[in-house]
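Chain by chain, the residues:
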Amino acid sequence: MTLRLYNTMTRQVEDFVPIVPGRVSLYTCGPTIWNYAHIGNFRTFLFEDLLRRWLEASGLTVFHVMNLTDVDDRTIQAAARAGVTLREHVEPYAQAFFADRDYLRILPAHAYPRATQFIAPMISLVESLLAKGVAYRGEDGSVYFAIARFPAYGRLSQLDQRELRSGASGRVSSDEYAKEDARDFVLWKAAQPDDEQVQAAWDAPFGRGRPGWHLECSAMALDLLREKWGGDVLDIHCGGVDLIFPHHEDEIAQSCAHTGKPDFARVWMHAEFLNIRGTKMSKRFGNITTARDLKEDGVDAAALRLFFFQTHYRQKIDLNDESIAQATAGLRRLGDFAARLEAAPTRATGAVGEGATAELDGAAAQLRDQFSAALDDDLNAPRAVAALFDFVTAGNRALDRGAGASSAAREAFAWATGVLDVLPTPKEADAELATWVEERIQARKAARLARDFGKADAIRDELAARGVTLEDGPGGTKWRVG
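Residues numbered from 1 in each chain as written. Predicted model: local features only at pLDDT ≥ 70, side-chain atom pairs only at ≥ 80, totals over all residues. Heavy atoms only, no water.

Engineer: Pulling in residues and values, what's your account of the overall build of the chain?
Structural biologist: Helix and strand counts for the chain stand at 16 helices and 16 strands. When the backbone C-alpha atoms are referred to their principal axes, the chain occupies close to 90 × 50 × 40 Å. Across the 482 residues that make up the chain, the buried fraction comes to 55%. The long-range fraction of contacts in the chain, counting pairs at least 24 apart against all pairs at least 6 apart in sequence, stands at 75%. Positive and negative side-chain charges of the chain, numbering 57 and 68 respectively, have mean locations separated by a distance of 3 Å. (Helix = DSSP H or I, 4+ residues; strand = E, 2+ residues; numbered from the N terminus. Buried < 20%, exposed > 50% of the residue type's maximum accessible area, 1.4 Å probe, protein only. Contact = heavy atoms within 4.5 Å. Lys, Arg positive; Asp, Glu negative; His and termini not counted. Charge placed at Lys NZ, Arg CZ, Asp CG, Glu CD.)

Dropping the structure here:
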């Protein structure tokens, strides 16, 4: 393979070599389903979608697991406030996440484990850590991981060892805590009244309670990996940069202490933050945007994919009205070229056309080479997108000269747009709309015959407002949605 990926653990771009030739285990941290996932979450999920698509396009068999966190501080508190059980609260948000995933054309993971479905493996993992002496039961009845007893703690986040030594004397029982607050973290939280109220407490040999957030991913990943392929080490583990510490650091500590292996994952990959109009997305700034907000605003999912892929996953990106408009314009250009390439005759017209066809085929070969080289270089999607638009420019020039669209050109374009999945979403024209469009076309035809061009233009604008594009030709007026 020629694929090279940036590994957060080493801070270097490295050759990617699967543990077992031909197959890749991919674990991606999914949403906490206490509320709707925001578009910043989906920036990470889309990067992971492209990674998986490229691994598979490179001939690898991928086993992709994405967890759904359905028990943690936030889900319990939200359920308690609503006066419902934990399951009743999280289920609508789980279904909303799947709907948003489908809207954004993200490939479904092969497994979506929920924390509450893996309580038994979590209890076993805590028992193992207690037996190995790297975990202890605190006076509050909770079980904590002793980071001072795991010398490798801090490798991923590269925390200053002085910070580790000064912080290790304390404990933190919350699921999320301040960056670089390196203290013993909770593995199993002793049951509290809110936990019991929402049915989020389980019996365990070390006391009734529920898992800590960090414990959950380790148990689910190890259990599913062993069931699928055996082994205790993942090929790739992904998430947002905000998960490097403490979440992924703590996952490594408890997993490696349990398995005795030096690594929990061979490669760690993290996506940067998404800003909204220049400001980091947060409730404090009141700029939380969800995928469903954008869908309701009529933004094509392919435009969002194109927008995200025009920035490298390790660079911050700013979402605003102008960037969406630019992506939408780019999407329209891709859609127009796709329609033109599909409609082009297979055979060239005349000697000039034959030369143009050879030019088009040459551009297709260049697209494949440049696109592959870009994604092989740490998933450089911006370069891949640029290669795609270069092909569109060259393709339009060749078609203008009478080129025939060979299978090589069509296949190369379909391959590249399929990996990125950035062609416009087809809009279905139902029978009622079709009847109305045909009636308006006839009215426009009558207006033009009467030389009432103002009325004819007004009808065209009326159709355009409904997303209908007219194409006048020798055979009459054709129309399409989109």
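Engineer: So, the confidence of the model for the chain: which residues are in play, and what are the values?
Structural biologist: For the chain, the mean per-residue pLDDT works out to 90, and 92% of the residues sit at or above 70. For the stretch residues 281–285, pLDDT sits under 50, and the model shows 16 contacts to residues farther than four places along the chain or on other chains. (pLDDT = per-residue confidence, 0-100.)

Engineer: Account for the nonpolar core, with residues named and values stated.
Structural biologist: In summary, soluble globular proteins display a tendency toward joint burial of nonpolar side chains. With 148 residues, the main nonpolar core has Ile 39, Leu 104, Phe 145 and Ile 236 as its most contacted residues. Ranked by residue count, the leading element in this core is helix H13 (residues 381–400), at 11 residues. Apart from residues lying up to four places away in sequence, Leu 104 is in contact with Ile 39, Phe 42, Leu 46, Ala 291, Ala 301, Leu 304 and Arg 305. Among the nonpolar cores identified, the runner-up in size contains nine residues, and Leu 433, Ile 441, Val 468 and Leu 470 belong to it. (Core = buried A, V, L, I, M, F, W, Y, C linked by side-chain atoms within 4.5 Å.)

Engineer: Got a sec to walk through helix H3 (residues 86–103)? Specific residues and values, please.
Structural biologist: An α-helix turns once per 3.6 residues; consequently, residues spaced three or four apart project the same way. Helix length check: H3 (18 residues) gives 26 Å between terminal C-alpha atoms against 26 Å at 1.5 Å per residue, within 8%. Residues of H3 that are buried include every one of Leu 86, His 89, Val 90, Tyr 93, Ala 94, Ala 96, Phe 97, Phe 98, Asp 100, Arg 101 and Tyr 103, and no others. Positive phi shows up at Arg 105, right after H3, with a value of about 60°. (Expected span 1.5 Å × (residues − 1).)

Engineer: So, the pairing of strand E4 (residues 61–66): which residues are in play, and what are the values?
Structural biologist: Of all six residues in E4, five are buried, a share of seventy percent or more. Pairing geometry for strand E3 (residues 23–28) and E4, over six bridges, is parallel. Its bridge partner lying in E4, Thr 28 is registered against Met 66. A crossover connection joins E3 to the parallel E4 through helix H1 (residues 39–57); in handedness this β-α-β unit is right-handed. (Pairing = 2+ DSSP bridges. Right-handed = clockwise from strand over helix to strand, strands pointing away.)

Engineer: So what's going on with unusual backbone geometry? Which residues, and what values?
Structural biologist: The linkage connecting Phe 245 with the following residue, Pro 246, adopts the cis geometry, with an omega of 5°. Of note, Pro 246 is situated in helix H8 (residues 244–259). A positive phi angle, close to 55°, is found at Asp 378, a residue other than glycine. In this structure, Asp 378 sits in the loop between helix H12 (350–376) and H13.

Engineer: Describe the sheet that holds strand E10 (residues 234–240), and please don't skip the residues or the numbers.
Structural biologist: Strand order in the open sheet made by the four strands is E4-E3-E10-E11, with parallel pairing throughout. Two strands lie at the open edges of the sheet, namely E4 and strand E11 (265–271), each paired on one side alone. Taking each pair of neighbouring strands and ignoring which way they run, the sheet shows an average axis angle of 20°. Both E3 and E10 contribute to a ladder of three bridges, which runs parallel. Note on E10: the bridge partner recorded for Thr 28 is Cys 238. (Axes fitted to C-alpha atoms, helices over the stretch in contact; angles between N-to-C directions.)

Engineer: For helix H10 (residues 301–309), give the residues involved together with the corresponding values.
Structural biologist: Extensive coverage of H10 is indicated by the burial of nine of its nine residues. Taken together, the buried positions of H10 are occupied by Ala 301, Ala 302, Ala 303, Leu 304, Arg 305, Leu 306, Phe 307, Phe 308 and Phe 309. Residue Asp 300 occupies the N-cap position of H10, its side-chain oxygen lying 2.9 Å from the main-chain nitrogen of Ala 302. (Polar contact = N/O pair within 3.5 Å; in protein donor to acceptor, adjacent residues only side chain to side chain.)

Engineer: Can you explain the state of the cysteines? Please cite residues and give values.
Structural biologist: Linking two cysteines covalently through their sulfur atoms gives a disulfide. Per the stated rule, a full pass over the model turns up zero disulfides. Lacking any disulfide linkage, Cys 238 is separated from the closest cysteine sulfur, that of Cys 29, by 9.1 Å. Since its relative accessible area comes to 0%, Cys 238 is described here as buried. (Disulfide = S-S within 2.5 Å.)

Engineer: Can you tell me about the packing of aromatic side chains, naming the residues and giving the values?
Structural biologist: Enumeration according to the criterion identifies 21 aromatic pairs in this entry. With a centroid separation of 5.9 Å and an interplanar angle of 65°, the aromatic rings of Phe 63 and Trp 229 are classed as edge-to-face. With Phe 63 in strand E4 and Trp 229 in the loop between helix H7 (213–228) and E10, this residue pair connects regions lying 166 residues apart in the sequence. Phe 63 gets classed as buried once you look at its relative accessible area, which sits at 10%. Taking relative accessible area as the criterion, Trp 229 reaches 22% and is therefore assigned partly exposed. An aromatic cluster is defined as three or more aromatic residues linked by ring pairs; in this entry it consists of Phe 42, Phe 45, Phe 97, Phe 98 and Tyr 112. (Phe/Tyr/Trp six-rings, centres within 6.5 Å; stacked < 30°, edge-to-face > 60°.)

Engineer: How would you summarise empty space enclosed by the protein if you had to cite specific residues and measurements?
Structural biologist: One pass over the structure, following the stated rule, counts three cavities of 30 Å³ or more. A volume near 80 Å³ is recorded for the largest cavity. What lines the largest cavity is Arg 43, Leu 46, Phe 47, Leu 50, Phe 308, Phe 309, Thr 311, His 312, Tyr 313, Leu 379 and Ala 381. Sorting the residues of the lining of the largest cavity by element identifies H1 and H10 as the ones contributing at least two each. A total of four residues in the lining of the largest cavity trace back to one element, the largest contributor, which is H1. Here the lining of the largest cavity is composed, by residue class, of eight nonpolar, two polar and one charged. When its volume is computed, the second largest cavity comes out at roughly 50 Å³. (1 Å grid on protein atoms, 1.4 Å probe; cavity = no way out; pocket = protein on both sides within 12 Å on 5 of 7 lines; lining within 4 Å. Points joined across faces, edges and corners; volume = space filled by probe spheres on them. Nonpolar A, V, L, I, M, F, W, Y, C, P; charged D, E, K, R; others polar.)

Engineer: Account for the pattern of salt bridges, naming residues and giving values.
Structural biologist: For the structure shown, the criterion picks out 31 salt bridges. The closest approach of N and O atoms between Arg 155 and Asp 263, which form a salt bridge, is 3.8 Å. In this pair, Arg 155 sits in the loop between strand E6 (143–145) and helix H5 (161–167) while Asp 263 sits in the loop between H8 and E11, placing the two residues 108 residues apart along the sequence. On the accessibility criterion, Arg 155 (32% relative accessible area) is partly exposed. For Glu 462, the salt bridge identified is with Arg 440, shortest N-O distance 3.2 Å. Highlighted residues: Glu 462 in helix H16 (residues 453–465) and Arg 440 in helix H15 (residues 431–449), separated in sequence by 22 residues. The class for Glu 462 is partly exposed, based on a relative accessible area of 33%. What emerges from the salt-bridge pattern is a single network uniting Asp 49, Arg 53, Arg 105, Asp 300, Arg 305 and Asp 421. (Salt bridge = Lys/Arg side-chain N within 4 Å of Asp/Glu carboxyl O.)

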